[in-house]
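Here are the chains, one letter per residue:
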Amino acid sequence: TEPPVPLPDEEEQEDIGEGEGLFAAYHKRQKRDVGTTPGVQLSHYIDIGEGQNALLFWALNMKTLPSLFRVAIRVLAVPASSAPVERVFSHGGIILRPHRAQMTDRLLANLIFCKCNAV
């Protein structure tokens, strides 16, 4: 048999606050950006970030701009496969058939955009 798991002290329960229940541990472990707000970080980024290599910039500034760094990780991530691009070309092939040979490039691009973005 395993020894009983000790219950958290009253102080620990106060630290958890409104996050009691399923996500209590998550809220307790979640780090807060104490230094600056995202707005201040954004204005600082605009001042210093222009004309720099994006990957090198974020490697050097991940600690000073933590909120923006999380966004940059999502934006600069490389897709795992080329499947989305292949789907776009496939839709283009379906739309542009021999009986639609008079279709302009602009119309084709707009139709593919609408099809791929579910407009």
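Residue positions are given per chain, counting from 1 as you read along its sequence in written order. Predicted model: local features are reported for residues with pLDDT of at least 70 only, side-chain atom pairs are reported and counted for 80 or more only, and whole-chain, interface and lining totals are derived from all residues. With hydrogens and water set aside, each side-chain value is computed from the structure's full complement of heavy atoms.

In the annotation of an unreviewed UniProt entry, the chain is listed under the name HAT C-terminal dimerisation domain-containing protein and assigned to Cirrhinus mrigala.

*Asks:* If you had to explain the packing of aromatic side chains to someone new, which residues and values would you point to?
*Replies:* Centres within 6.5 Å are what make two rings of Phe, Tyr or Trp a pair, Trp counting through its six-membered ring; a difference in plane orientation under 30 degrees is then read as stacked, over 60 as edge-to-face, and the rest as tilted. A complete count under the given rule lists 4 aromatic pairs for this structure. Pairing phenylalanine 57 with tryptophan 58 gives two aromatic rings, centres 5.0 Å apart and planes at 85°, and the pair type is edge-to-face. No difference in accessibility class separates phenylalanine 57 from tryptophan 58, as the two residues are buried. Only protein chains enter the calculation, and the probe is 1.4 Å; a residue is then buried if its accessible area is under 20% of its type maximum, exposed if over 50%, and partly exposed in between.

*Asks:* Account for helix α5 (residues 66-76), naming residues and giving values.
*Replies:* Put simply, DSSP marks the helices as runs of H or I at least four residues long and the strands as runs of E at least two long, and each gets a number from the N terminus on. If you check which residues of α5 are buried, you get Ser67, Leu68, Phe69 and Ala72. Against α3 (38-48) and α4 (54-61) lie the buried residues of α5. The contact criterion used throughout is that any non-hydrogen atoms of two residues lie within 4.5 Å.

*Asks:* Which residues make up a nonpolar patch on the surface, and what values do they have?
*Replies:* Residues enter patches when they are more than 30% accessible in relative terms and free of salt bridges; like-charged ones are connected within 9 Å and nonpolar ones (Val, Leu, Ile, Met, Phe, Trp, Tyr) within 5 Å. Residue-level accessible areas treat just the shown protein chains as cover; the underlying method is Shrake-Rupley with a 1.4 Å probe. Any carboxyl oxygen of Asp or Glu within 4 Å of a side-chain nitrogen of Lys or Arg constitutes a salt bridge here. Taken together, the side chains of Leu55, Val71, Val75 and Leu76 make up a nonpolar region of the molecular surface, amounting to roughly 400 Å² of accessible area. Considering every element that reaches the nonpolar patch, the biggest residue donor is α5, with 3 residues. Residue position: leucine 55 is located in helix α4. You can call leucine 55 exposed: its relative accessible area is 61%.

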